[in-house]
Amino acid sequence: MSTLIPEKPAPEKTGSPPGGPQGPATRSLLLRRLSVMSPLARRLTALAALAVVLVPFAAVLWGSGAWPGELGVDVSGPLDDLSQWIVDNRDTSPVFLYFLLHISNTSVDAVDGVYSVLDGLGWPGVTAAAVLLAWCAGGASRAGLKVAAVALGAFAGCGLLGMWDPAMLTLALMTVAVAVSVVVGFALGLAAGLSRPVDRALRPVLDTMQVLPAFAYLLPFVLVFGTGSPAALLATVIYAAPPMARLTALGLRDADPSVLEASASLGASSRQQLLKARLPLARKELLLGLNQTIMMALSMVVIASVIGAGGLGDEVYSALSTVDVGAALAAGIPIVLIAVWLDRTTEAAGERIGAPPAADGPRLLRGGPAWAVAAVGTAVAFAVGKVAGAAQWPAGWTVDISGSVNSFQEWTVDNLHAGVPVLGGTEVWASNFTVWILNPLRDVLQGAPWWSLLLLVAALALLVGNWRNALGATAALAATGVLGVWGNTLDTLSQVLAALALTLLLGVAVGILAARVGWVERVLRPVLDVLQTLPQFVYLIPVVALFGVGRAAAITAAVAYALPAVVRITTQGLKKTDPAALEAARSLGATGAQQLRQVQLPLARPALLLAVNQGVVLVLAVVIVGGLVGGGALGYDVVFGLSRGDLGVGLVAGAAIVCLGLVLDRVTQPTVRETDH
Amino acid sequence: MLHTHNRQRRVLRTSLTLIAGLGLTVAVTGCGAADTGKSGSAGSTDSLTLTVPSWVGAEANVAVAKYVLETELDYKVNTKQMGEVIAWDALSKGTIDAVLEDWGHPKQEAQYVDKQKTVVSGGDLGVTGHIGWFVPKYWADANPEVTTYKGLNKYAAQLKTSESGGKGQLLEGSPDYVTFDDAIIGNLDLDLKTVYAGSEAAQITQIQQNYKAKKPFLTYWWTPQWLNAQVDLVEVKLPEYKEGCDADPKKVACAYPNTPLQKWLNADFAKDGGKAAAFLKNFKWTADDQNEVAKMITQDKLSADEAAKKWVTANPDAVKGWLA
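Residues numbered from 1 in each chain as written. Chains lettered and ligands numbered in written order. Predicted model: local features only at pLDDT ≥ 70, side-chain atom pairs only at ≥ 80, totals over all residues. Heavy atoms only, no water.

### Description of the overall build of chain A
Scanning chain A from N- to C-terminus turns up 31 helices and zero strands. Relative to the globule expectation of 26 Å for 677 residues, the C-alpha radius of gyration of chain A, 28 Å, shows essentially globular dimensions. In terms of overall dimensions, chain A has a C-alpha envelope of 100 × 65 × 65 Å along the principal axes. Put simply, chain A has 677 residues, and 51% of those count as buried. (Helix = DSSP H or I, 4+ residues; strand = E, 2+ residues; numbered from the N terminus. Rg over C-alpha atoms; globule rule 2.2 N^0.38 Å. Buried < 20%, exposed > 50% of the residue type's maximum accessible area, 1.4 Å probe, protein only.)

What follows is the structure, given as structure tokens:
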């Protein structure tokens, strides 16, 4: 590689300073010096040279303060026109009458249909169906019983908390949303898995679908489809379909080539090959995709209630208006329970797929009767329920937790928020953190000349990747300036950076601990499950009570949400390091710390990078929630846009959040050379 | 290699054809013009939908109206929770039939009432809303000067927080609510800075925390509000409100007006809604009535239905007036 460079110095040359004409002697000297530099140093030198040319020019033309107004484009006007047009024409334009309204009406019918089935089954029928389904998914065996017990616990919990009816409404909406997401995701994944160009084109689209905050696109959906289930359904599908698409594509692509070769040599047509070899081989990924899609969909439950979707989210939301943490928790727990039930059930089904194919025969025989038992069991429970007249969950069988939760919350806050000896209390920490870390960070970012930040981002992206990376990152940051939200973007960036640093520090530390001490991992699992699936709206009030309205509260919420994924990925990565390498290190007399630092952490590098990536995505996902507790900046703008019906403000802020995601992704993720086969 | 490539392409083509076919089927089955949703809910005789806004006072209106409609007039009332502007949109489409408490949305009124004529006025609710700047009574008692904006400015240093950048903090609430505070601060040249809590829940929690710790604070606040029964707040005097002083949002330098809260009905529902529409037009009560129900919901932890039942039983005459 390095021998080729002196013959092809083009990129470096373009970056050489203008002005003084250089003789051939100095030029060859420069080339020789460049050729002994590492590729990285060469790229950075080129960037520096480029900067020397462009920066004075830009600084003279547009100054060195915040993003220059001349370089902005006002998009709020056209966006407002668009929303006005929709409002004026949605009852008359054929686009709506012959297409969009059909979608809207069909989805209302579908959700209502599923709900009336659940309602008609009554609680005994629904519970029996869920339990028996879980049992079948777990293999209709001893292992299946455990899964079934989880299902029983989940539904009993919903009923006991007095949330049976809202839970069924949520379940109905989720059933339809997950079904549509799976179909859409599978179709996209199929196309991406079979064709490289489609895959490449689709990837940024999927990224955007996941990072663009739902609050930002709820408004256009409301304008087009009206409030209630249709808009909620579509917003959920946008958020929940990407994992299914990604995992379908991954499963198809990673199919064992020897099996494909074998089927090809046996004369299978391409369709036969897809249906008989590639898809069956990808079953595990498909199921994982389903699992992830369900989890994503459930995280939209509360957000959907903002536009009148009803169900559990509605209960959480209305508990917030009376600042009743207990009631919000009582509605939030069923969401966690439903998530755990569906997670364990799909996981159990996925584990069975991993079994050797030879065992398929007998299991199929066992599977048939098991499903029959499930169907009969459900029918019996339904009949018994009908005879006993128990369609509604019995009113006496509920537990009111809100009183005790509220007094516990109050007690905790009273004892932690101020006046703690030596430590000072959470309120003091929050204010110190804001004054000494957040404020300086924000002021430096906002005070820096706009071109210096672009340069910094380009340099950081070059350090980990290539020119394309740097160009993408710089363009994304510049886009926020062009959209006219430069200052707010940097404010949000300072919060995201602080949250990310805290999350990674805590997450990796806890992850290392969990990887080394077995019981820590066991204790942590349920805690992480709850933190990941409990709607963030539930802990909005305690967070404000402890840390006060402001950015510190927003960051706490972000850390609480992003931490579980980082802990999990770190633990997984460390545990997966090659045991032989560890053994070798141990036999060479390495101490525990040395093993960790010199063997485990380097080997777990891919996992750690993934942890950073997930940290970025998740922290950005709660920027909106931060806006609800005083985080201000982009998060507040998105909420403002939705609640004021201002498409210009909301969508622009949403787009800026996506840009931030791109910047952070490009400067943290090394370029992976694509290996075409 | 080339061979597999061709095969891949063929698979791709087949699957794309399949997807396209599927899409076409859907399109063909749905050929007719779709129902715009208006006829579904509005004007039907036995069920209607009301919106429940996010604050408790408005929840109290809906609770009592729902209770009377269901027990006296035999309607089935559905309630839907949603943001205010979104509710206006839903009202125009007929997804909901009535909004019982509106604090003033001139832009939406122009669009839906004057231009599209899909929404009509349902009259006064009887409650007058007022927005203003409020400080806790214990602070005002200790420093009587803070109840005027000029006096308050001298005490701004006591209102500093880590979020307010060296100035006194003026706590703002949800982006839903109308505020001119940035303009007022600028035009009156006050040493204050707005800090947006972002949600009513966060704002209330912060007020409760400060109140418990007996700290000085200044907040954007309004009456009627259920929290006013729990915390004792005093309004800060701003320059008097005069008609039109808030016409240009950038030049506001006066207090907020007293707003008679309005009811709005979907136009079709108002015309064909029968007894329900007539009842909702008549529905009118006082701030005290509303606060009483709101207090039952927030402090006594009654469900909205129970609170409504209790109030209706205690006030049969008022109910009779609405039904006449």
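Moving on, there is more to tell.
### Side note on the pairing of strand β3 (residues 98–102) of chain B
Residues and elements named next belong to chain B. Within β3, five of the five residues are buried, which leaves the element mostly enclosed by the surrounding structure. Relative to strand β9 (residues 258–266), β3 runs antiparallel, the two sharing three bridges. Following the sheet pairing, Ala-98 is matched in β9 by Leu-265. (Pairing = 2+ DSSP bridges.)

### Comments concerning the state of the cysteines
All names here are of chain B. Considering all chains together, one arrives at one disulfide over all chains under this definition. The partner cysteine of Cys-245 in its disulfide is Cys-254, sulfur to sulfur 2.0 Å. Handedness of the Cys-245-Cys-254 disulfide follows from its S-S torsion of about 80°: it is right-handed. Classification of Cys-245 as partly exposed rests on a relative accessible area of 23%. (Disulfide = S-S within 2.5 Å.)

### What about unusual backbone geometry?
Note the cis peptide between B:Thr223 and B:Pro224, where omega equals -5°. Mapped onto the fold, B:Pro224 is located in the loop between β7 (218–223) and β8 (233–236). Even without a glycine there, the phi angle at A:Ala633 is positive, about 50°. Locating A:Ala633 in the fold gives a position in helix α30 (residues 633–644). A positive phi angle is found at B:Asp189, which is not glycine, with a value near 55°.

### What to know about the pairing of strand β2 (residues 76–81) of chain B
All names here are of chain B. Sheet topology places strand β1 (residues 47–52) next to β2; six bridges connect them, and they run parallel. Bridging from a neighbouring strand, Thr-49 pairs with Asn-78 of β2. The β-α-β motif built from β1, the intervening helix α3 (residues 56–71) and the parallel element β2 has right-handed crossover chirality. (Right-handed = clockwise from strand over helix to strand, strands pointing away.)

### Concerning the interface of chain B and chain A
Accessible area lost upon the coming together of the parts is a frequently used measure of interface size. Listed as interface residues are 63 residues of chain B and, on the opposing side, 70 residues of chain A. Taken over both partners, the interface formed by chain B and chain A buries close to 5,300 Å², and the fraction arising from carbon and sulfur atoms is 55%. The tally of links from chain B across to chain A stands at five salt bridges. Summed over the shared surface of chain B and chain A, the number is 15 residue pairs in polar contact (both at pLDDT 80 or more). In terms of residue class, the side of chain B that touches chain A is made up of 25 nonpolar, 23 polar and 15 charged. (Contact = heavy atoms within 4.5 Å. Buried area = accessible area lost by both parts, 1.4 Å probe. Salt bridge = Lys/Arg side-chain N within 4 Å of Asp/Glu carboxyl O. Polar contact = N/O pair within 3.5 Å; in protein donor to acceptor, adjacent residues only side chain to side chain. Nonpolar A, V, L, I, M, F, W, Y, C, P; charged D, E, K, R; others polar.)

### Notes on the nonpolar core
Ranked by internal contacts, the top residues of the largest apolar core, which has 262 residues, are A:Trp341, B:Val64, B:Trp133, B:Leu152, B:Leu280 and B:Trp285. Looking at this core, the element that brings in the most residues is helix α5 (residues 94–137) of chain A, giving 14 residues. When near neighbours in sequence (up to four residues on either side) are disregarded, B:Leu280 contacts B:Leu48, B:Leu50, B:Ala65, B:Leu69, B:Ala98, B:Leu100, B:Gly122, B:Lys263, B:Leu265 and B:Phe269. In this structure, A:Leu190, A:Met244, A:Leu274 and A:Leu286 belong to the second largest nonpolar core, which totals seven residues. (Core = buried A, V, L, I, M, F, W, Y, C linked by side-chain atoms within 4.5 Å.)

### Quick word on a nonpolar patch on the surface
All names here are of chain A. Among the surface-exposed residues, Leu-50, Val-53, Leu-54, Phe-57, Leu-61 and Trp-467 lie close enough to one another that they form a single nonpolar patch of about 550 Å² accessible area. Broken down by element, the residue count for the nonpolar patch peaks at five residues, all from helix α3 (residues 39–62). Looking at the secondary structure, you find Val-53 in helix α3. (Patch = residues over 30% accessible without salt bridge, like charges linked within 9 Å, V, L, I, M, F, W, Y side chains within 5 Å. Areas by Shrake-Rupley, 256 points an atom, 1.4 Å probe, with all protein chains shown as cover.)

### A look at the packing of helix α9 (residues 214–225) of chain A against helix α31 (residues 647–668) of chain A
A packed helix pair is summarised by two numbers, namely the angle formed by the two axes and the spacing between the axes. All names here are of chain A. One way to put it is that α9 packs onto α31 with a least axis distance of 8 Å and a crossing angle of 140°. The angle between the axes of α9 and α31 places the two elements in the oblique class. Crossing of α9 against α31: the hand is left-handed. Residue-level inspection shows Ala-216, Leu-219 and Pro-220 of α9 in contact with α31, the latter providing Leu-647, Gly-650, Leu-651 and Gly-654. (Axes fitted to C-alpha atoms, helices over the stretch in contact; angles between N-to-C directions. Parallel < 35°, antiparallel > 145°, perpendicular 65-115°, else oblique. Left-handed = near helix turned anticlockwise from the far one by under 90°.)

### Considerations on the packing of α9(A) against α30(A)
Residues and elements named next belong to chain A. Running from amino to carboxyl end, α9 crosses α30 at an angle of 15°, the nearest separation of the two axes being 8 Å. When the axis of α9 is compared with that of α30, the two are roughly parallel. Crossing hand, α9 versus α30: left-handed. Residues Phe-215, Ala-216, Leu-218 and Leu-219 of α9 pack against Val-638, Gly-641 and Leu-642 of α30. Of the residues that constitute the contact of α9 with α30, the class distribution is six nonpolar, one polar and no charged.

### Some points on the domain arrangement of chain B
Residues and elements named next belong to chain B. Per the domain assignment, the segments of chain B are domain 1 (39–128 + 259–323) and domain 2 (129–258). Each of domain 1 and domain 2 has a C-alpha centre, and these two points are 29 Å apart. Listed by partner, the interface residues are 18 residues for domain 1 and 16 residues for domain 2. Summed over both partners, the interface of domain 1 with domain 2 buries about 1,200 Å², with 54% contributed by carbon and sulfur atoms. When residues of domain 1 are sorted by the area they lose upon contact with domain 2, Trp-103, Thr-259 and Gln-299 head the list and together hold 35% of the total. For the pair domain 1 and domain 2, the number of links is zero salt bridges. Linking domain 1 with domain 2 are one residue pair in polar contact (both at pLDDT 80 or more). The greatest single-element share of the side of domain 1 that touches domain 2, amounting to five residues, is contributed by helix α12 (residues 287–298). For the side of domain 1 that touches domain 2, a count of residues per class yields seven nonpolar, nine polar and two charged. (Domains from an automatic or database assignment.)

### Overview of the packing of aromatic side chains
Residues and elements named next belong to chain B. Under the defined criterion, the tally for this structure stands at 25 aromatic pairs over all chains. An angle of 50° between the planes, with centres 5.6 Å apart, marks the rings of Phe-283 and Trp-285 as tilted. The residues Phe-283 and Trp-285 share a single accessibility class, namely buried. Seen in terms of ring centroids, Phe-283 and Trp-322 are 4.6 Å apart; in terms of plane orientation they differ by 55°. Their pairing is tilted. Of this pair, Phe-283 sits in the loop between α11 (274–282) and α12 while Trp-322 sits in helix α14 (residues 316–323), and the two are 39 residues apart along the sequence. With relative accessibility at 5%, the residue Trp-322 sits in the buried group. The ring of Tyr-211 has Lys-214 sitting right over it, with the charged end atom 5.0 Å from the ring centre. (Phe/Tyr/Trp six-rings, centres within 6.5 Å; stacked < 30°, edge-to-face > 60°. Lys NZ or Arg CZ within 6 Å of the ring centre and 35° of its normal.)

### Points about the side chain of A:Ser643
Along the chain, the position of A:Ser643 falls in helix α30. Classification of A:Ser643 as buried rests on a relative accessible area of 11%.

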